[in-house]
Amino acid sequence: MVSSPGVGPRNRMRQGRRLTSASLLVSVLMVMGLLLAACGQAAPAAPAAAPKASEATKPAAPAASPAAPAAASPAAASSPAAAAASPAAGASPAAAPAASPAASPAAKPAGAGAPSGSVVTGPSAPPPVVATAGKPGGTAIVAIDADPETLNLGITTGYAAGDVGSKIFEGLVWTDHNFNAQPALAASWTVSADGKEYTFKLRPNVKWHDGKPFTSADVKFSFEEILAKLHPRAQTTLKRLQSIETPDPLTVTIKLSEAYAPFLLQQTAFDSPILPKHVYEGSDPKANPANQSPIGTGPFKFAEWNRGSSLKVVRNTDYWDAPKPYLDALVFQIVPQGANRSAGLETGEIDFVVDFYLPKADVGRLSTNQQLIGKRGQGTGAIDFMMMNQGNPVLARKEVRQALAFAINRETQVQQAMGGLGRPGFGPLGDAFKWLVNDDASYARKYPLDVEKAKALLTQAGVAPNTTLRLVHDAARPNFVAGAQIIRDNLRQVGITVEIQPLERSVMIQKVFAERDYDLTLQSFVSSGDPSIGYHRLYLTNETKAQFVNATGYSNAKVDELLNKAAVTPGQADRAALYKEAQAILSDEVPSLVLYDEEGIDFASKKLNNVWLGVDSRDRWGEVWLTP
């Protein structure tokens, strides 16, 4: 059901944009804090954004390593010992091959592994790192910033779409905090010795939300007709797709033309969601009505969408992993103003806000709230960056892009736009994947803050004084609001006028990715477990209008060659050499400027349990439950 704005999910939050008087007061105070932060001043009443050492608890297990895990290595996958993942509970032991390096040991409980980063809380203990037995019932309220552009996860990596869609759709696997693939729609799998062939055994008796059976035909259709053609991340991976065989309804064999290091890690709901063939066959996947009222196999079923107000999903009573899900429903409350999201957490009107939607100026105060608990640290690599549209003749000149790199203060971006929750941009691929960083190509060496150098390069390039550049960003992202103001102030010092254009998310996506109608734009990408999953798309040649890919017009055949080769080369050292060579080129040509690596923080009501069981905070919500 898709309806017009109407009554919200709780009596105390009847309208998506209305707050109680108490919330409004808190909201006003937070807006003042955000404005002060953007101007370089600290809000007087707010504690420091970063928690004190006494407030931070190290995880019980090592944080998710940004280095590529053994499971993603072709060397591991191509080992003669490569075999199947551990079968899910209830699978027949006789049918399950031996455990593979690509999967976790059978003894490891689903969801095991600590959240990546420290927990910031009041006086209570940090959240459990292993799933606890759930109690059924209740509705949780999750804040998002805007209506998703679609609910078809096969054609977008939009954050709000993934937030909602990951409760409805599933992939063949999910990823734990140690970057091990865990069984989801696939109960087990085997990998050939050369790493080019994956055979998945699917779970039996799985149903789509409309009651139709889930089979291998759905997997084949999803890969060939949707993911390979339209998904921003998967389409790059699936250029290596040679064939897909479905010898029976519960078996899928995927053959690649060449080994691809992180293939298994990319089979999640976010990167390779499985969609129903009977719903999408014969239609345009970008225009199918199911994109607004999706049918999946996941723990929750789509219920309603009150545009501009809320989306609601309800318990899937036929879910294959009974008795999950525990919640009766999840309501995604659309709250456009970041300060109001924080206010909702404080008044109890909102139960969960993920880092993506959280104003960083509010972190210090929220960390002292005894009704909340926070998880600090990204489970995966995440960079925020500025694309520069080379369709603009000014930005087509390398010297101009280099000048902007010298002029923009990346440290100020971290301290003021992110409240200290980040690391200044290290280079073209950030610094999360320590094994591949190229110190010689780092921004610290190539582009230290130097206003005079920036001016000289602009003069050399013949840029007229007071040249105007339009900077487009998602209006609902508080860090982008503040970050855009910092960039405007920085570039004013070198004679560039920046016209800031904050846009509603769907309009921003259309302007940037479909129309290329921008000069500068602020964006963010994540790259789960391996740089090839999420970062390659920022630089690989792209002539499509796909969302969340390289929209700068930048194309370098050598960079394409190096990145594509790095994705399939066995051995981390050899891959690192390729990445370092690519970084040297990218750092010199600066098609996009990485502003910072994120060190995010999520906040949840202490009534929520089992929140951070997946490497992505939006994942594994079938296991979440509410304390009565």
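What counts and how
- Residues numbered from 1 in each chain as written.
- Predicted model: local features only at pLDDT ≥ 70, side-chain atom pairs only at ≥ 80, totals over all residues.
- Heavy atoms only, no water.
- Buried < 20%, exposed > 50% of the residue type's maximum accessible area, 1.4 Å probe, protein only.
- Helix = DSSP H or I, 4+ residues; strand = E, 2+ residues; numbered from the N terminus.
- Arc of directions from axis to C-beta.
- Contact = heavy atoms within 4.5 Å.
- Pairing = 2+ DSSP bridges.
- Axes fitted to C-alpha atoms, helices over the stretch in contact; angles between N-to-C directions.
- pLDDT = per-residue confidence, 0-100.
- Core = buried A, V, L, I, M, F, W, Y, C linked by side-chain atoms within 4.5 Å.
- Parallel < 35°, antiparallel > 145°, perpendicular 65-115°, else oblique.
- Left-handed = near helix turned anticlockwise from the far one by under 90°.
- Nonpolar A, V, L, I, M, F, W, Y, C, P; charged D, E, K, R; others polar.
- Phe/Tyr/Trp six-rings, centres within 6.5 Å; stacked < 30°, edge-to-face > 60°.

Each full turn of the α-helix corresponds to 3.6 residues, which orients residues three or four apart in the same direction. Among all positions in helix 14 (residues 505-514), only Arg 505, Met 508, Ile 509, Val 512 and Phe 513 are buried. The buried residues of helix 14 occupy an angular sector of 100° when the element is viewed end-on, so they sit on one face. Looking at the buried side of helix 14, the elements it contacts are helix 3 (159-165), strand 16 (381-388), strand 18 (467-474), strand 19 (496-503) and strand 20 (520-527). Looking one or two places after helix 14, you find Arg 516, whose phi comes out positive at around 55°.

With respect to topology, 6 strands assemble into an open sheet ordered 17-21-16-20-18-19, the strand pairing being mixed. At either end of the open sheet lies a strand with only one pairing partner, and these are strand 17 (422-424) and strand 19. Averaged over neighbouring strand pairs, the angle between their axes works out to 30° when direction is ignored. Sheet analysis places strand 16 next to strand 20, joined by 8 bridges and oriented antiparallel. Counted as the bridge partner of Met 387 is Thr 521 from strand 20.

Model confidence for the protein is summarised by a mean pLDDT of 83, while 79% of its residues fall at 70 or above. Predicted confidence is poor over residues 1-128, with pLDDT under 50, and the contacts of this stretch with residues over four places away or in other chains come to 272 contacts.

Here we take up the nonpolar core. Formed by 68 residues in total, the largest nonpolar core has its most connected members in Leu 404, Leu 491 and Leu 520. In terms of residues, this core owes the most to one element, helix 9 (residues 398-407), which gives 6 residues. For Leu 404, the residues in contact, after removing those within four places along its chain, are Met 386, Met 388, Leu 395, Leu 469, Leu 491, Leu 520 and Leu 593. Phe 221, Val 335, Phe 352 and Leu 366 belong to the second-largest nonpolar core, a separate cluster that totals 51 residues.

Relative orientation and spacing of two packed helices are given, respectively, by the angle between their axes and the distance between those axes. Where helix 9 meets helix 12 (residues 451-460), the axes come as close as 8 Å, and the angle between the chain directions of the two elements is 165°. One finds that helix 9 runs roughly antiparallel with respect to helix 12. As helix 9 packs across helix 12, the resulting crossing turns out to be left-handed. Together, Glu 399, Val 400, Gln 402, Ala 403, Phe 406 and Ala 407 of helix 9 and Lys 453, Ala 454, Leu 457, Leu 458 and Gln 460 of helix 12 make up the contact between the two elements. Among the residues making up the contact of helix 9 with helix 12, the classes are represented as 7 nonpolar, 2 polar and 2 charged.

The next subject is the packing of aromatic side chains. Per the stated rule, a full pass over the model turns up 16 aromatic pairs. Their ring planes at 15° and their centres at 6.4 Å tell us that Tyr 198 and Phe 200 sit as a pair that is stacked. Note on accessibility: Tyr 198 and Phe 200 belong to one class, buried. Summarising the aromatic geometry, the rings of Phe 356 and Tyr 357 are spaced 5.2 Å apart at their centres and angled 85° between planes, so their arrangement reads as edge-to-face. You'll find Phe 356 and Tyr 357 in the same group, each marked buried. Pairwise contacts between aromatic rings join Trp 189, Tyr 198, Phe 200 and Phe 263 into one cluster.

Spatial strand order, 7-8-10-9: 4 strands in an open sheet with antiparallel pairing. Strands with a single pairing partner mark the edges of an open sheet, and in this sheet they are strand 7 (186-191) and strand 9 (241-248). The mean angle between the axes of side-by-side strands here comes to 20°, regardless of whether they run parallel or antiparallel. For strand 8 (residues 197-202) and strand 10 (residues 251-256), the ladder comprises 5 bridges, and the chain directions are antiparallel. Note that in strand 10 the partner of Thr 199 across the bridge is Thr 253. Sheet strands touched by helix 4 (residues 216-230): strand 8, strand 9 and strand 10. Its angle to strand 9, the strand with the most contacts, is close to 165°.

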